[in-house]
Amino acid sequence: MSEESRGPGRERPKRILAVVNQKGGVGKSTTSVNLAAGLGELGQRVLLVDLDPQGNATSGFGLNRNQRESCVYNALLGDTPLSELIEPVEVENVFMVPATIQLAGAEIELVSTFSRETRLRQILEPVVAEFDFIIIDCPPSLGLLTVNALTAAEGLIVPVQCEYYALEGLSKLLDSVRLVRTHLNPKLDVFGAVMTMFDVRTRLSQQVVDEVREFFGEKAFETLIPRTVRLSEAPSFGQPITMYEPNGRGARAYRDLAKEVMLRVGA
């Protein structure tokens, strides 16, 4: 990250938020990319860290994950300062630390590393003052990479898809949160739960919304992310929905989510 691209120094980001759910296909990367874009549109400097070896957030912002010599893996293993891996994306105010398939080996290689659960927190520390928000896109598991995200984060955003078994596994996730809070990161808490793939035409979607709001209480966001073809298409074009279909339902929903996030941090 060049000196020219840095903004004025800030004391701390407003929030370091990990987007996490050990279930796959719930909209983690979609939420990470589009929330980052929405916050960027609101004038917030955002760093998106792709911690998923699948690299969906990386490709979702149009960065080629197959033609990179280094990624967040190199910072986690101590080979490269994180600041050298930060890249701007097409959305103003948004920057990214990409992931490649290299990251898949990090789970094993970190096992023998000193302070293995706190590596991400350590490498983020030199850059946190440069951003208003840091968003971490987590892999669909509760392995060592996700534990690193939980240890670095101040809050969690939990995407929950509006489908059968939506709440399945969330108790295990919250058990992990309690363990990390007890042993590694006393600041950690659920910042919010966002309901994704909402289909206004089905009774099931509304039933899941009601269940999630009962489960998470006031931490459930009001914004519902709709199931739309455009939201599914946007990543294949390397664009957030706010660029791909700026006036569509998906873009409006993620802009509303970004505004809710801002309200919750008192901004």
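The structure presented is a predicted model; accordingly, all values stated were derived computationally and were not measured.

Visitor: How do you make sense of the overall build of the protein chain when you look at a structure like this?
Guide: Assigned secondary structure in the protein chain consists of 11 helices and eight strands. By the compact-globule yardstick of 18 Å for 267 residues, the protein chain fits well, its C-alpha radius of gyration being 17 Å. Each principal axis of the C-alpha distribution contributes one length, and for the protein chain these read about 50 × 40 × 35 Å. Burial statistics for the protein chain: of 267 residues in total, 54% are counted as buried. Charged side chains in the protein chain number 28 positive and 34 negative. The centres of these two groups are separated by 4 Å.

Visitor: Hey, could you run me through the confidence of the model for the protein chain in this one?
Guide: Should the pLDDT be low somewhere, the predicted coordinates at that spot are not to be read in detail. Model confidence for the protein chain is summarised by a mean pLDDT of 91, while 95% of its residues fall at 70 or above. This model gives residues 1–10 a pLDDT under 50, and the stretch forms 21 contacts once residues within four places in sequence are excluded.

Visitor: I'm lost on helix 7 (residues 170–183) in this one. Help?
Guide: Every α-helix carries 3.6 residues per turn, so stepping three or four residues along brings you back to the same face. Along its 14 residues, helix 7 runs 20 Å from first to last C-alpha, staying within 8% of the 20 Å computed at 1.5 Å per residue. Those residues of helix 7 not exposed but buried are Leu 170, Leu 173, Leu 174, Ser 176, Val 177 and Val 180. The buried side chains of helix 7 occupy one side of the element, clustering within an arc of 155° when seen end-on. Facing away from the buried side of helix 7, by more than 90 degrees, are the exposed residues Lys 172, Leu 179, Thr 182 and His 183. Looking at the buried residues of helix 7, the elements they touch are helix 6 (144–152), strand 6 (155–161), strand 7 (190–198) and helix 8 (203–216).

Visitor: Please clarify how the side chain of Asn 34 should be interpreted in this entry.
Guide: In this fold, Asn 34 is placed in helix 1 (residues 28–41). Taking the relative accessible area as the measure of exposure, Asn 34 reaches 4% and is therefore buried. Excluding residues within four positions of it along the chain, Asn 34 makes contact with Leu 231, Pro 240, Ile 241, Thr 242 and Tyr 254.

Visitor: Looking at this structure, how should I read the packing of aromatic side chains?
Guide: Between two aromatic rings, the relevant description is the distance of the centres plus the angle of the planes. The tally for this structure, following the rule as stated, stands at five aromatic pairs. In this structure, Arg 264 is placed above the aromatic ring of Phe 221, and the distance from its NZ or CZ to the ring centre is 4.0 Å.

Visitor: Please explain the pattern of salt bridges as it appears in this structure.
Guide: Close approach of charged atoms allows side chains of opposite charge to pair. Counting across every chain of the model gives 12 salt bridges. A salt bridge links Asp 175 to Arg 178; the shortest N-O distance between them is 2.3 Å. A residue pair is termed a helical-turn pair when its members lie 3 or 4 positions apart in one helix, as Asp 175 and Arg 178 do in helix 7 at three residues. You can call Asp 175 partly exposed: its relative accessible area is 40%. We classify Arg 178 as partly exposed; its relative accessible area is 42%. Here the residues in one salt-bridge network are Arg 181, Asp 189 and Lys 219, joined through shared partners.

Visitor: For this particular structure, what's the right way to read the pairing of strand 4 (residues 94–97)?
Guide: Moving residue by residue along a regular strand, the side chains alternate between the two faces of the sheet. Burial along strand 4 is two-sided: Val 94 and Met 96 facing one way and Phe 95 and Val 97 facing the other are all buried. With four bridges joining them, strand 2 (residues 46–50) and strand 4 adopt parallel strand pairing. Opposite Val 46, over in strand 4, you have Val 94 as the bridge partner. Relative to strand 4, strand 3 (residues 87–88) runs antiparallel, the two sharing two bridges. Counterpart to Glu 87 in the pairing with strand 4 is Met 96.

Reading the values: rules and limits
- Residues numbered from 1 in each chain as written.
- Predicted model: local features only at pLDDT ≥ 70, side-chain atom pairs only at ≥ 80, totals over all residues.
- Heavy atoms only, no water.
- Helix = DSSP H or I, 4+ residues; strand = E, 2+ residues; numbered from the N terminus.
- Rg over C-alpha atoms; globule rule 2.2 N^0.38 Å.
- Buried < 20%, exposed > 50% of the residue type's maximum accessible area, 1.4 Å probe, protein only.
- Lys, Arg positive; Asp, Glu negative; His and termini not counted.
- Charge placed at Lys NZ, Arg CZ, Asp CG, Glu CD.
- pLDDT = per-residue confidence, 0-100.
- Contact = heavy atoms within 4.5 Å.
- Expected span 1.5 Å × (residues − 1).
- Arc of directions from axis to C-beta.
- Phe/Tyr/Trp six-rings, centres within 6.5 Å; stacked < 30°, edge-to-face > 60°.
- Lys NZ or Arg CZ within 6 Å of the ring centre and 35° of its normal.
- Salt bridge = Lys/Arg side-chain N within 4 Å of Asp/Glu carboxyl O.
- Pairing = 2+ DSSP bridges.

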